[in-house]
Amino acid sequence: MNVALGRRIMWATAAPLAALLFAVAMSSIVLVISGSDPLAAYGDMIAHARKLETMIDILNRATPLYIAGVAVAIAFRMNLFNIGVEGQYLLAALVAAHVGGLISLPAALHVAVILLVAMSVGAAYSGLAGVLKVTRGINEVISTIMLNAIAISGLGAWLVREWQASGSIEPGSATRVGTTPIDESGLIGDLNGVLEVFTRDIKQGKSLTGVLVLALLVGVGYHVLVNRTRFGFDLRASGINPFAARAGGVPPKRMIVTAMVLSGAVAGLVGVAEVMNVGFFPSNPIRGLGFIGIAVALLGRNNPLGIGVAALIFAFLDVSSGVLQFTGAASREIVVIMQGVIILAAVVAYEVTRRAREREEARSAAAALAGSPA
Amino acid sequence: MRRFAELPAWARWALYAALGVLLLTIVQGFDDTNRLTAASSSQAMLRWGMPILLAGLGGLFAERAGIVNIGLEGMMILGTWFGAWGALNYGAWAGLLLGIAGGALGGLIHAIATISFGVDHVISGVAVNILAPGATRFLSSEIFTGYDGGSITQSPRVPGVGHITVPVLASGPDLLGDVMRADVFFFSDVAGLTRGLATQLSLVTLIALLLVPFTAWLLWRTRFGLRLRVCGERPEAGESQGINVYRYKYVAVVISGGFAGLAGAFIVSPELSGIYLEGQTTGRGFIGLAALILGNWRPSGILIGALLFGYPFGVGLRDLDGAASHSLLLVNAIALVGVAVWAHRRGQRTSTILAVVLSGLAAMWYLVAEEVPDWWTDILPYVIVLVVLVFFTQRLRPPAAAGRPYRKGEA
């Protein structure tokens, strides 16, 4: 039993570790060619990441990445490719922030309304792709790509302009423009108080986002749903073998729409992190979280813990590379290459180990058969 | 009706085009604008359509060989950077070649992952799309920041290749110009649109247009093309005939990347931007994919799709008062009525009702709104694709093995 578990863990971690090492090696080669010292650059980054304030930044960055990763993973579990997380989260955050800015309610209720609106918008927009798939046979990859473009350059751009609060939010800073600010009651507070129980005082005006708790809840919910419920079993079964699942009484069409709706509902929460942080939906929000979410889900192999590790790795690279601007050890853009290589190397490594494992299983099965009387 | 179907393809398409121009001419009269059939509109349509066309042709090569290429966008981004870098250092033509090389490099990465390692095509494509902007950003930070007028997000001005204006038609005697200025209903509109296509035609545009018949010839009239298409329909059959399926797939995907790279180099060229700017592809690789689907995986279809998608951009570009975009709404409504009639004659009740409802919504919007916001022309290509997919998915025929993993020796 222990040996089998050990083997499983080895198979599960060998591939991502190999991918990480490969990415570091490739980045080092690029850095040497461009005349920088890779060791100095990595040293600076790690030293920077050991500061409490940097760690907070990393967690703040990892929070939306994790939620995006889970959103993609839910669809992945059923062999659906939700490329539309990008459009879903931007649209959902925009509408939720607008609604949140219009109403005033008691604290808990206000937050709940904002979250509910965000999830509903994300679910509806993603569900549309699911409905198009089951009623019209349109591949969800294509439809979500088109829906992304419509949400981002059409609906989103238009609504931001329509709903933009008049004038600048903070006097003297023109960049802080967006929807009507949400009352204090609608915002999730920061976790500085909790964190400072364990650590020293937080400086530089940093604050650990309270949405982190929401992300953890999403992760636990995902784990329970997929691994501990009838629905999760149907979902995984449909993903592995849709024909067998159908023969077992799982309605494939309903599963597709449900998976897309759930994926979109979680995607709707991705942008909430930023809305809760700044208090409104800015006219130039953080973009690209949906696409990095795909990378995070792939690297984390759709596993709730794995996605968390992957989100932390990507967030570490994003945040700690900022120090390179000041130390001058290398160009900070090297981490973007590193992220790209990690993800390519990881998917290749997973494919290679998957086949190696299949061969090993076939061999051990053959050996077991040969040992028993025919 | 049967007589019409017996006409040769070019004649049918010419009739469709004439019908379309007639529709545009009539519709724009209601809005008191002439921008729908202005020479500047067709000229802009051509320029905006070319990157979409090239990306679509790139997608065609890959998918005809059985490899889905979502990474076109990333390969296009590589094309923009290498195109700009090449043009700045070695001249405009070298820029195009290096743009092709940059895109082909992206194609090679996609080929290695999908063909040699059997990674899911969509996943590998997404990875290329993440890697490419990172790579170009790093390259910009290393190289463009050292140039006068360059920075981490942009390059200095990029030189371009020459132009030609078709003699007799658009210069010299300028016959089309005469007809255009005569202001005769419909005929002047056709002349205006055609003149826009014949004036100041960039040599790159000409090459891109010639690549359409070249692709059709290469894929459907040569042994190479037949073998390549076998790899996209039934690779096992090709394998049994002694075709090296992996090699054909590799060549196809690298060509695919090269086309996307040329599309990127075109965007950088003075035809559209004259400068490398981070994020300037704005999803046009994906629109190329859309043109591929709309064109039913055929070169001429892709050209029509690319022009159709380039047209709203071309109209929207100079449409400051929104009158022409407003007219486009009515065109959309009328086109949807056509779809409804088509669906009704085939006895597809749901489709008919859906088309009528959508058409009604477009017509209602046309009547209620005085003008249409600028974002409508931005998203129109994507909306058209979704509508086309909703009504015609069953009529489209993608290569049978596109997206399917293929391993040698499993036949």
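As the structure is a computational prediction, the values presented were derived from the model and not from experiment.

Asker: Could you give me a rundown of the domain arrangement of chain B, with the residues and numbers involved?
Answerer: Residues and elements named next belong to chain B. Taken domain by domain, chain B consists of domain 1 (34-165 + 200-318) and domain 2 (320-398). Counting from both sides, the interface comprises 20 residues of domain 1 and, opposite them, 19 residues of domain 2. For Arg 397, the salt bridge goes to Glu 233, with nearest N and O atoms at 3.0 Å. There are two residue pairs in polar contact (both at pLDDT 80 or more) connecting domain 1 and domain 2. Looking at the side of domain 1 that touches domain 2, the elements that each hand over two or more residues are helix 13 (284-294) and helix 14 (299-317).

Asker: Break down the pattern of salt bridges for me, citing the residues and quoting the values.
Answerer: If you walk through the whole model with that rule in mind, you get 13 salt bridges over all chains. For Asp57(A), the salt bridge identified is with Lys206(A), shortest N-O distance 2.9 Å. Of this pair, Asp57(A) sits in helix 3 (residues 52-76) while Lys206(A) sits in the loop between helix 7 (192-198) and helix 8 (211-228); the two residues are 149 residues apart in sequence, bridging distant segments of the chain. With a relative accessible area of 26%, Lys206(A) lands in the partly exposed category. Residues Glu278(B) and Arg137(B) are paired through a salt bridge, measuring 2.7 Å at the closest nitrogen-oxygen approach. Taken together, the positions of Glu278(B) in the loop between strand 4 (275-277) and helix 13 and Arg137(B) in helix 6 (residues 121-142) put the pair 141 residues apart, joining distant regions of the chain. Glu278(B) gets classed as partly exposed once you look at its relative accessible area, which sits at 34%.

Asker: Account for the interface of chain B and chain A, naming residues and giving values.
Answerer: Put simply, an interface is often sized by how much accessible area is lost when its parts join up. Taken together, the contact between chain B and chain A spans 40 residues of the former and 39 residues of the latter. Overall, the association of chain B and chain A removes approximately 3400 Å² of surface from exposure, summing both partners, and the carbon and sulfur fraction of that is 79%. Taken as a group, Ile130(B), Phe138(B) and Trp375(B) account for 18% of the area that chain B buries against chain A, more than any other trio of residues on that side. Linking Arg137(B) and Glu333(A) is a salt bridge whose minimum nitrogen-to-oxygen distance equals 2.8 Å. There are five residue pairs in polar contact (both at pLDDT 80 or more) connecting chain B and chain A. Looking at the side of chain B that touches chain A, the elements that each hand over two or more residues are helix 5 (92-116), helix 6, helix 13, helix 16 (349-368) and helix 17 (375-392) of chain B. For the side of chain B that touches chain A, the element with the highest residue contribution is helix 6 of chain B, accounting for 12 residues. Across the side of chain B that touches chain A, the residue classes tally to 28 nonpolar, seven polar and five charged.

Asker: Break down the packing of aromatic side chains for me, with residues and values.
Answerer: Residue and element names in this part refer to chain B. Under the definition given, this model contains 12 aromatic pairs over all chains. With a centroid separation of 5.3 Å and 25 degrees between ring planes, the pair formed by Phe 61 and Phe 259 is classed as stacked. Here Phe 61, found in helix 3 (residues 39-64), pairs with Phe 259, found in helix 12 (residues 245-268); they are 198 residues apart in sequence, far enough to count as distant. Assigned by exposure class, Phe 61 and Phe 259 land together as buried. Between the aromatic rings of Phe 144 and Tyr 147, the centroid separation amounts to 5.7 Å while the plane-to-plane angle is 50 degrees, which identifies the pairing as tilted. What makes Tyr 147 partly exposed here is its relative accessible area of 25%. By way of ring pairs, the aromatic residues Trp 81, Phe 82, Trp 85, Tyr 90, Phe 144, Tyr 147 and Tyr 276 are connected into one cluster.

Calculation criteria
Numbering of residues starts from 1 in every chain and runs along the sequence as written. Labels follow written order: the first chain is A, the first ligand is 1, and so on. Restriction of local features to residues with pLDDT of at least 70 applies here, the model being predicted, together with a cutoff of 80 or more for giving and counting side-chain atom pairs; totals for whole chains, interfaces and linings are based on all residues. The side-chain quantities take in all heavy atoms of the structure and omit both hydrogens and water. These domain boundaries are the output of an automatic or database domain assignment. We call two residues in contact when some of their heavy atoms are within 4.5 Å. Any Lys or Arg side-chain nitrogen found within 4 Å of a carboxyl oxygen on Asp or Glu counts as a salt bridge. Pairs of N or O atoms within 3.5 Å make up the polar contacts considered here, provided that, within protein, one atom can donate a hydrogen while the other can accept it, and that residues adjacent in sequence are counted only when both atoms are side-chain atoms. Only DSSP runs of H or I reaching four residues or more are called helices, and only runs of E reaching two or more are called strands; each is numbered from the N terminus. The buried label applies to any residue whose accessible area, calculated with a 1.4 Å probe on protein chains only, is under 20% of its type's maximum; exposed applies above 50%, and partly exposed to all values in between. Accessible-area loss on putting two parts together, using a 1.4 Å probe and summing over both, is the definition of buried area adopted here. Amino acid classes used here: Ala, Val, Leu, Ile, Met, Phe, Trp, Tyr, Cys and Pro are nonpolar; Asp, Glu, Lys and Arg are charged; the rest, including Gly, are polar. The rule is short: rings of Phe, Tyr and Trp, with Trp giving its six-membered ring, pair when the centres are within 6.5 Å, and they are stacked under 30 degrees, edge-to-face over 60, tilted in between.

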